[in-house]
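Single-letter residue listing:
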Amino acid sequence: MATDPSSPAGFGLPAGILDAQTNLLLRQVCWLDPVGQRAEMADVWLEQGRIRAMAPQLPPTEGVPEYPAQGCILGPGLVDVYSQSSEPGYEGRETLSQLVAQAVQGGFTRLTLLPGTQPVVDRAAAVTWWQEQQAQIPLKLGLWGALTQGLQGKQMAELAELQRAGVAGFSDGRPLTHLGLLHQLLIYAQPLGKPIALVPHNPDLNPAGVARAGAYSLTWGLPEVPVAAETTALTAIIELLTDLEVAPPVHLMRISTRRGVALIAQAKAAGLPLTASTPWTHLLWDSSHLGDYNPYLRFDPPLGNPEDRLALIQGVKTGVLDAIAIDHQAYTYEEKMVPFGLAPPRLPGLGVALSYLWAGLVTPGHLTTGELWASLSTKTLLCLGEVPAPLTPGAKMALTLFAPEEPPPAELPLPGVAQGRVRWVLIP
């Protein structure tokens, strides 16, 4: 195995970030351009954060070290559409430096963080704290500013103030059930030019449920969450958008059901300004895996039934679901290792998601390499209202080098296996 180029430790990071000033010739790497829908084997010359040249065979260049990259994949740096930082406020679960190290390990060069810290990111002063951290962090950080004050779902946050402070968009990261307030938010946010990320879930339909209603929830004896908890909330959002003369861009988070995918397909066909994502976990596991009552499989919304999981995979493949979200959330061991119904939802997946997705989706042929990579990078940028750049000579862009045949750096107590590891990321 090739030795990774040296990388600066900065911000307490392990090796894994390639120095942006590096001059390096990658030999016979498979490079991916999701924008141009191309994947080719070539030599790639990196020089000071730019792609200097790409060709089937580049001649040796004096003073430029060569890096054997056979069997590796080079693509745009991975971008996460939403995850939760524990810092500030809950550093006992995970510090910001640990979060960033996990992201680098998993190939992510950009994170978009939800506002559920302490203090909540519902005013410009909280954004300023994050901007100060950005100066020390090699990754690019984006923030979802809160839609409502304190994430309470009762009063609108200062959206214009947050927009001027530089947030990527607006989201509470939790269901917003007050439809009158949601209608006002959609109207008020339209001229601000930022996406709104909504969780389509109606918690009134069995708030104590922990498993998707169906044969397996009955078999395992778990309180049920009906599919209608997602579809009624989705229908309400779609109707509110349809009623507006000019609607803001809306991103639908944590889609988890077959019927939800169908509703989104219909809404997109009608021309509504929607993008959507599903958590990576819901593409790999479903309610049939809950028989061990593994607290690491406790999610909100819960894992779908097998037909839901297949529909989610097809949704990613066809583009109905634009992005795969990591939805990273760290907990202490004591918080997570409790009975299934009491376990907090979500898990810390940034460091391992790509390896699990590769083993579970690409290796068996459910998704192509390009489909998986696009849903974790360029299509995520579209969800954030940005236009991704193609991977071409002269481009200065974040890159991720992934070795799919190497053992993963770590695994979680989850069913199945992980495959492959990230060699390094380049962040210009």
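Above: the structure in question.
Residues numbered from 1 in each chain as written. Predicted model: local features only at pLDDT ≥ 70, side-chain atom pairs only at ≥ 80, totals over all residues. Heavy atoms only, no water.

Trainee: Residues and numbers for the sheet that holds strand β7 (residues 78-83), please.
Mentor: Strand order across the open sheet formed by 8 strands is β7-β8-β9-β10-β11-β14-β15-β16, with parallel pairing between neighbours. Across the chains shown, the open sheet's two edge strands, defined by having one partner strand only, are β7 and β16 (323-325). On average, each strand axis in the sheet is tilted by 30 degrees relative to the strand beside it, whichever way the strands run. Pairing between strand β9 (residues 140-145) and strand β10 (residues 169-171): 2 bridges, direction parallel. In the sheet register, Gly145 faces β10, and the bridge partner there is Phe170. (Pairing = 2+ DSSP bridges. Helix = DSSP H or I, 4+ residues; strand = E, 2+ residues; numbered from the N terminus. Axes fitted to C-alpha atoms, helices over the stretch in contact; angles between N-to-C directions.)

Trainee: Tell me about the packing of helix α6 (residues 228-243) against helix α7 (residues 258-269), and name the residues and values.
Mentor: Taken N-terminus to C-terminus, the directions of α6 and α7 make an angle of 15 degrees; their axes are 9 Å apart at the nearest point. The pairing of α6 with α7 is recorded here as roughly parallel in orientation. Here α6 and α7 pass one another in a crossing that is right-handed. Residues Ala228, Glu230, Thr231, Leu234, Thr235 and Ile238 of α6 pack against Arg259, Gly260, Leu263, Ile264 and Ala267 of α7. Here the residues of the contact of α6 with α7 are counted per class, giving 6 nonpolar, 3 polar and 2 charged. (Parallel < 35°, antiparallel > 145°, perpendicular 65-115°, else oblique. Left-handed = near helix turned anticlockwise from the far one by under 90°. Contact = heavy atoms within 4.5 Å. Nonpolar A, V, L, I, M, F, W, Y, C, P; charged D, E, K, R; others polar.)

Trainee: Summarise the environment of Val250; cite the residues concerned and give the values.
Mentor: Checked against the element boundaries, Val250 lands in strand β14 (residues 250-252). Taking the relative accessible area as the measure of exposure, Val250 reaches 1% and is therefore buried. (Buried < 20%, exposed > 50% of the residue type's maximum accessible area, 1.4 Å probe, protein only.)

No statement about biological role is implied by the geometric values presented.
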